[in-house]
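Next come the chains, spelled out residue by residue.
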Amino acid sequence: MRYILLICILFYPLTVSGFDTDFSKEEKVVMTNIAGLAAVTAWGVANWDYFGNSPSKANEGWFSENTKEGGADKLAHFYLSYTLSHALGSLYENWGYSHKKGALLGSWSSFGLMSFMEMGDSFSSYGFSSEDFIMNCIGSIAGYVLYTNPELSRKIDFRVEYIPNFDSVDFFTDYEHSKYLMALKLDGFDCVKKKYLKYLELHVGYYTRGYSNGINKKRNIYVGVGINLSKIFNDLSMKKTSKIANYIQLPYTYLSVKKDLN
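1. Remarks on the overall build of the protein
Alright, step 1. Check the secondary structure of the protein and you find nine helices and seven strands.
Alright, step 2. Per-residue burial for the protein yields a buried fraction of 46% across its 262 residues.
Alright, step 3. Here the contacts in the protein between residues at least 6 apart in sequence split such that 69% fall between residues at least 24 apart.
Alright, step 4. Carbon and sulfur atoms form 65% of the exposed surface of the protein, whose accessible area is close to 13500 Å².

2. Quick word on the nonpolar core
Alright, step 1. In this structure, Tyr-82, Phe-158 and Tyr-180 are the most contacted members of the largest nonpolar core, which totals 16 residues.
Alright, step 2. Sorting the residues of this core by element identifies helix H4 (72-94), helix H6 (130-147) and strand E3 (156-162) as the ones contributing at least two each.
Alright, step 3. For this core, the leading source of residues is H4, giving six residues.
Alright, step 4. Ignoring any residue separated from it by four or fewer positions in sequence, one finds Phe-158 in contact with Phe-78, Tyr-79, Tyr-82, Leu-146, Leu-181, Met-182, Asn-246 and Tyr-247.
Alright, step 5. One finds Val-29, Leu-84, Leu-88 and Leu-113 within the second-largest nonpolar core, a separate group that totals eight residues.

3. Regarding the pattern of salt bridges
Alright, step 1. Scanning the entire structure with this criterion turns up twelve salt bridges.
Alright, step 2. Through salt bridges with shared partners, a single network forms among Glu-151, Arg-154, Lys-155 and Asp-190.

4. Here's the deal with the packing of helix H5 (residues 99-122) against H6
Alright, step 1. Remark: H5 packs on H6, axes separated minimally by 9 Å, with the N-to-C direction vectors making an angle of 165 degrees. Classified by the angle between their axes, H5 and H6 sit roughly antiparallel to one another. The crossing of H5 and H6 is right-handed. Facing H5, whose interface residues are His-99, Lys-100, Ala-103, Leu-104, Ser-107, Ser-110, Phe-111, Met-114, Ser-115 and Glu-118, H6 presents Asp-132, Phe-133, Asn-136, Cys-137, Ser-140, Gly-143, Tyr-144 and Tyr-147.

5. Remarks on the sheet that holds strand E7 (residues 254-260)
Alright, step 1. With antiparallel pairing, the five strands of this open sheet are ordered in space as E3-E4-E5-E6-E7. Every other strand in the sheet has two partners, leaving E3 and E7 as the edge strands with one partner each. Averaged over neighbouring strand pairs, the angle between their axes works out to 20 degrees when direction is ignored.

6. Let's talk about the pairing of E3
Alright, step 1. In terms of burial, E3 is largely enclosed, as seven of its seven residues are buried.
Alright, step 2. Where burial is concerned, the two faces of E3 agree: the one with Ile-156, Phe-158, Val-160 and Tyr-162 and the one with Asp-157, Arg-159 and Glu-161 are both buried.
Alright, step 3. In this sheet, strand E4 (residues 178-185) lies alongside E3 in antiparallel orientation, the contact comprising seven bridges. When the bridges of E4 are listed, Val-160 appears paired with Tyr-180.

7. Some remarks on the environment of Leu-197
Alright, step 1. For Leu-197, the location among the structural elements is in the loop between E4 and strand E5 (200-209).
Alright, step 2. Not counting residues up to four positions away in its chain, the partners in contact with Leu-197 are Leu-186 and Val-192.

8. Some points on the side chain of Ser-122
Alright, step 1. As for its position among the elements, Ser-122 is in helix H5.
Alright, step 2. Within polar-contact distance, the side chain of Ser-122 engages the backbone oxygen of Met-119 at 2.4 Å.
Alright, step 3. Not counting chain neighbours up to four residues away, the residues in contact with Ser-122 comprise Ser-54, Pro-55, Ser-56, Gly-127 and Phe-128.

9. Observations concerning the packing of aromatic side chains
Alright, step 1. Inspection of the entire model under this criterion finds 14 aromatic pairs.
Alright, step 2. Ring centres 6.3 Å apart and planes at 70 degrees place the aromatic pair Trp-108 and Phe-111 in the edge-to-face group. Here Trp-108 and its partner Phe-111 are both found in helix H5, three residues apart, which amounts to about one turn of the helix.
Alright, step 3. A relative accessible area of 18% means that Phe-111 is categorised as buried.
Alright, step 4. With a centroid separation of 6.1 Å and 20 degrees between ring planes, the pair formed by Tyr-222 and Tyr-254 is classed as stacked.

What counts as what
- Residues numbered from 1 in each chain as written.
- Predicted model: local features only at pLDDT ≥ 70, side-chain atom pairs only at ≥ 80, totals over all residues.
- Heavy atoms only, no water.
- Helix = DSSP H or I, 4+ residues; strand = E, 2+ residues; numbered from the N terminus.
- Buried < 20%, exposed > 50% of the residue type's maximum accessible area, 1.4 Å probe, protein only.
- Contact = heavy atoms within 4.5 Å.
- Areas by Shrake-Rupley, 256 points an atom, 1.4 Å probe, with all protein chains shown as cover.
- Core = buried A, V, L, I, M, F, W, Y, C linked by side-chain atoms within 4.5 Å.
- Salt bridge = Lys/Arg side-chain N within 4 Å of Asp/Glu carboxyl O.
- Axes fitted to C-alpha atoms, helices over the stretch in contact; angles between N-to-C directions.
- Parallel < 35°, antiparallel > 145°, perpendicular 65-115°, else oblique.
- Left-handed = near helix turned anticlockwise from the far one by under 90°.
- Pairing = 2+ DSSP bridges.
- Polar contact = N/O pair within 3.5 Å; in protein donor to acceptor, adjacent residues only side chain to side chain.
- Phe/Tyr/Trp six-rings, centres within 6.5 Å; stacked < 30°, edge-to-face > 60°.

Given below as structure tokens:
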């Protein structure tokens, strides 16, 4: 989660009308990526210890109990790469690219920015993580596949649920209060005929607890049944809110059963 606010802040100025009218769509794509690289560099130097160390590689592992975050950070890399590819793909499409070309450029931009961020980590106390790099790649590919396959995106969402803890020193890396999930939306299946069933969705998710302080560590996988808020907002003609609900899971809108893996 450490990157979400950063991305929202940095890419908002690129969508203002002055930017849209002064340059060609090709120039805007180049400038968007340059701005992103510059922003990641500036933020990394200020907050993530970039260029404070000689380049190094970190063996972080995947989802085992003895990893630093129990694997939650790996899903964070997947989720951000996936979401960023959609955000940039939509932006590029709005600038005049075709749906498929915008999706392709968005996925490449996402992968490039996230890879650059990982390279920056190699010059910090974090070190370059091949696991993070792989998850960035998978997330960007998943972003392209779902963006260009409407029938698939009708059925599947990848989301994050986050309940802020305002006492946290660094809420950008607050995996302690985050959950990552895939939602299977019944509304996307034509075989589901009953009206009210179309407002339901099935969840499978993963989260960790106790890794921030090293006490009572838990890795949890869960399954659940939730309410398809995206469909509700869409039915209410709240199109933008409906789209956001495809990426953000509101807490307390589902019932779940969890299994502790530790």
